[in-house]
Amino acid sequence: MPGTADSHPHRDSVIVVGAGPAGLACALALARHGVRTVLVDAGDGTPREGSRSCGLDASTYGFAVNLVGDRLDGAAQAWGPLRIRRRSTTVPGPRPADADGAEADEPPRRYGLSQQRLEAALLDAVLASPLVTKAWRHRVDAVDQDRDSVTVTARGPAGEVRWRAAWLVACDGHRSPVRRAVGVRFPGRPRVDRLLCADVKVALPRPPWDESPLEPWLFVDPPFQRDGTVLAQPLPQDMWRLTWQLPLAHGVAKAADATALIPVHGDPADPRRTAQRVRAVLRTLDAMSPDADAAEDPAYDLVWTGEFEVHQRLARRFRAGRVLLAGDAAHLVHPNVADGVDLALQDARNLAWKLALVLTRRAPDRLVETYHGERRSAARRRLAYGEDALHFLSPRGPAQKVGRRLTLMGARSKGTTLRRLDPRALVAESVPEYAGSPLLTPRAGAAVGAPAEEISVVRGDGSRATLSACLDRGLVAVLVAPGIEVWDGPRWRDAGLMPGLRARLGELPFAAELVVTPEYPGAAAHTLLLVRPDGYLAAWLPPGGDEDLTAVALRAVGRRAQEEAAAPAEVAG
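Each value, and the rule that gives it
Residues numbered from 1 in each chain as written. Predicted model: local features only at pLDDT ≥ 70, side-chain atom pairs only at ≥ 80, totals over all residues. Heavy atoms only, no water. Helix = DSSP H or I, 4+ residues; strand = E, 2+ residues; numbered from the N terminus. Buried < 20%, exposed > 50% of the residue type's maximum accessible area, 1.4 Å probe, protein only. Contact = heavy atoms within 4.5 Å. Areas by Shrake-Rupley, 256 points an atom, 1.4 Å probe, with all protein chains shown as cover. Pairing = 2+ DSSP bridges. Axes fitted to C-alpha atoms, helices over the stretch in contact; angles between N-to-C directions. Salt bridge = Lys/Arg side-chain N within 4 Å of Asp/Glu carboxyl O. Left-handed = near helix turned anticlockwise from the far one by under 90°. Nonpolar A, V, L, I, M, F, W, Y, C, P; charged D, E, K, R; others polar. Phe/Tyr/Trp six-rings, centres within 6.5 Å; stacked < 30°, edge-to-face > 60°. Lys NZ or Arg CZ within 6 Å of the ring centre and 35° of its normal. Polar contact = N/O pair within 3.5 Å; in protein donor to acceptor, adjacent residues only side chain to side chain. pLDDT = per-residue confidence, 0-100.

Topic: the overall build of the chain
Line of reasoning, step 1. From N to C terminus, the chain includes eleven helices and 26 strands.
Line of reasoning, step 2. Scored against the burial criterion, the 573 residues of the chain give a buried share of 54%.
Line of reasoning, step 3. Contacts spanning at least 24 positions in sequence make up 73% of the contacts within the chain whose residues lie at least 6 apart.
Line of reasoning, step 4. As displayed, the chain has an accessible area near 24700 Å², and 50% of this comes from carbon and sulfur atoms.

Some words on the sheet that holds strand S4 (residues 77-79)
Line of reasoning, step 1. Sheet architecture is open: three strands sit in the order S3-S7-S4, paired in antiparallel fashion. Sheet topology places strand S3 (55-57) and S4 at the edges, where each strand pairs with a single neighbour. For this sheet the average axis-to-axis angle between neighbouring strands, irrespective of direction, equals 30°.
Line of reasoning, step 2. Sheet topology places S3 next to strand S7 (residues 110-112); three bridges connect them, and they run antiparallel. In the strand pairing of S7, Asp-57 is matched with Arg-110.

Things to note about the pattern of salt bridges
Line of reasoning, step 1. Applying the stated criterion across every chain yields a total of 22 salt bridges.
Line of reasoning, step 2. Note that Arg-109 is salt-bridged to Glu-453, the shortest N-O span being 3.5 Å. Of this pair, Arg-109 sits in the loop between strand S6 (89-91) and S7 while Glu-453 sits in the loop between helix H9 (423-429) and strand S21 (456-458), and the two are 344 residues apart along the sequence.
Line of reasoning, step 3. The exposure class of Arg-109 is partly exposed, given its relative accessible area of 46%.
Line of reasoning, step 4. A salt bridge links Asp-199 to Arg-241; the shortest N-O distance between them is 2.5 Å. Of this pair, Asp-199 sits in strand S12 (residues 188-202) while Arg-241 is found in strand S15 (residues 239-246), placing the two residues 42 residues apart along the sequence. The burial state of Asp-199 is the same as that of Arg-241; both residues are buried.
Line of reasoning, step 5. When salt bridges that share partners are traced, they join Lys-354, Glu-374, Arg-532 and Asp-534 into one network.

Some remarks on the packing of helix H2 (residues 58-68) against helix H3 (residues 115-128)
The angle between the axes and the distance between the axes are what describe a pair of packed helices.
Line of reasoning, step 1. At a minimum axis distance of 9 Å, the contact between H2 and H3 shows a crossing angle of 35°. For the pair H2 and H3, the crossing hand works out as left-handed. Side by side, H2 and H3 meet where Ala-64, Leu-67 and Val-68 of the first sit next to Leu-118, Ala-121, Leu-122 and Ala-125 of the second.
Line of reasoning, step 2. Looking at the contact of H2 with H3 residue by residue, the class counts come to seven nonpolar, no polar and no charged.

Some remarks on the packing of helix H1 (residues 21-32) against H3
Line of reasoning, step 1. Running from amino to carboxyl end, H1 crosses H3 at an angle of 35°, the nearest separation of the two axes being 9 Å. Taken as a pair, H1 and H3 cross one another with a handedness that is left-handed. For the pair H1 and H3, the contacting residues are Pro-21, Leu-24 and Leu-28 in the first and Gln-115, Glu-119, Leu-122, Leu-123, Ala-125 and Val-126 in the second.
Line of reasoning, step 2. Among the residues forming the contact of H1 with H3, the class breakdown is seven nonpolar, one polar and one charged.

Description of the packing of aromatic side chains
Line of reasoning, step 1. Enumeration over the complete set of coordinates arrives at seven aromatic pairs.
Line of reasoning, step 2. Arranged with centres 4.5 Å apart and planes meeting at 25°, the rings of Tyr-61 and Tyr-111 form a pair that is stacked. In this pair, Tyr-61 sits in helix H2 while Tyr-111 sits in strand S7, placing the two residues 50 residues apart along the sequence.
Line of reasoning, step 3. Each residue in the set Trp-217, Phe-219 and Phe-224 is aromatic and connected to the rest through ring pairs, giving one cluster.
Line of reasoning, step 4. Between Arg-322 and the ring centre of Trp-167, over which it is positioned, the NZ or CZ distance is 4.5 Å.

A word on the side chain of Arg-349
Line of reasoning, step 1. Take Arg-349: it is sitting in helix H6 (residues 340-359).
Line of reasoning, step 2. For Arg-349, the side chain forms a polar contact with the main-chain oxygen of Ser-59, separated by 3.1 Å.
Line of reasoning, step 3. Setting aside residues up to four positions removed in sequence, Arg-349 forms contacts with Ser-59, Phe-63, Asn-66, Leu-471, Asp-472, Pro-533 and Asp-534.

Considering helix H11 (residues 549-556)
Line of reasoning, step 1. By the criterion of burial, H11 is predominantly enclosed, with six of the eight residues buried.
Line of reasoning, step 2. Residues of H11 that are buried: Leu-549, Thr-550, Val-552, Ala-553, Leu-554 and Ala-556.
Line of reasoning, step 3. Its buried side turned inward, H11 meets H6, helix H7 (366-393), strand S23 (475-480), helix H10 (498-506), strand S25 (528-531) and strand S26 (537-541).
Line of reasoning, step 4. The first or second residue beyond H11 is Gly-558, which carries a positive phi of 85°.

Observations concerning the confidence of the model for the chain
Fine structural detail should not be taken from predicted coordinates in areas where pLDDT scores are low.
Line of reasoning, step 1. Predicted confidence across the chain gives a mean pLDDT of 84, with 81% of residues reaching 70 or more.
Line of reasoning, step 2. Put simply, strand S16 (residues 262-263) is where the chain has its lowest mean pLDDT, 42, and strand S19 (residues 323-325) is where it has its highest, 98.
Line of reasoning, step 3. Note that pLDDT drops below 50 for residues 5-9; the model gives that stretch seven contacts with residues more than four away or on any other chain.
Line of reasoning, step 4. This stretch, residues 97-102, has a pLDDT under 50; its non-local contacts, to residues over four places away or in other chains, come to five contacts.

Structural data, given as structure tokens:
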């Protein structure tokens, strides 16, 4: 485990402060790479009550499954595309079509998963990991660092204790003591929105033959919530998360010390008003079903409610020496644009493989610096879309209100999607997430820097798997080889390009796996894709471009081609 300050610094270990989703995922992801951590948290190591976030992108959900295994079996609900209903009219939305124009099936892009269930699974996996040392009921008092290590001083049940490690990851929330200790500012806009959330158990009618993913619904100016929005998201076992947009209690503040989703106490928390809101939403959802029973309201159980104020903030730096910020300690984004847990898990996923390579001297320290560039850019983009969505969802002046009304009228008459009400789609359709990262090998027309598509692959031992199951360990080279499905077992390993590709990957100073797939969207036969451990495309090599594999693989981990022959210790800095 990481040692005390009086012992020799452990150059192969990491301190993680905070046992929320970001901290738990970071400790588990590092353990998956064989890295020892000490997890410091003020809590007692039991799951937290309540649940704010409930949605994960498909790639993030795959990452969570890789970390906890079957602990999440049955815990997630696949979601179809977001549906939008303005007043009493459903707005037509896009549907994927195949080459013949018929409606086509596509894998779910998002999953409904309660934060409480996710945290419980992550915590259970952490408690079972021998590579994670748990330090419960400890509060951080000081952080000191030098060129080679960082020391944390904390106070716990037995008094003061210190740990020293090579790196410190601060996942200690919006009020982060670590962030304050290293002097990183956290500017932004507090109290930009106010939300009321409820988890409701209700069996809404659904045709038994309908096996399509359930669709979340966004109600805009519905009869039961004039000049506001209500979001209804399905969860497993007949659960629904309902979220109402409420008026701000004291207007929009320009400055405040509060920096996160803060519980609000006031009029909307009245149980009778909450019950009225729940019944109105469920009545509408029930009425949209072909098997609706108009005679009576659906019976339901109110499982949980919470009321919050929303803030948008972004840390100036995600790295300060050997201290790295993740999760709410680094950013707060409106949940209409990104679930906080989803962003937090992506922070942990981006950081873990980079720290593992640096700690084992297989990549230079500059690889860690790309964490700041990639993840802060991703959070900043979502903040920008969040501001635009707020102007539309919560217009503050006459001009914004007129613009909102015209957009809604145009969407209804033209049958177009209300894109500004679904900023997640705008994020997905914009330039690739990590465009401009020095770890990428750009190619015109290819989505380098975006998450790789979920596909079926054949691994070296002949077993079949999904691409996501191959991630979070090393690089993955994907060769597009039409007709591979006719091969039995591992015979493909010695066919065509395979021996040469395997030889090049085997010469790399870090782990890399070669898999094949019969097809990949937009890729010709014999295209070679290089996928990072966090699931992002690092390179797209056209047929015949595999000679560049070594160079692009080295670039993907922050090394340069001329360093290939250098000893691992000589490139650590």
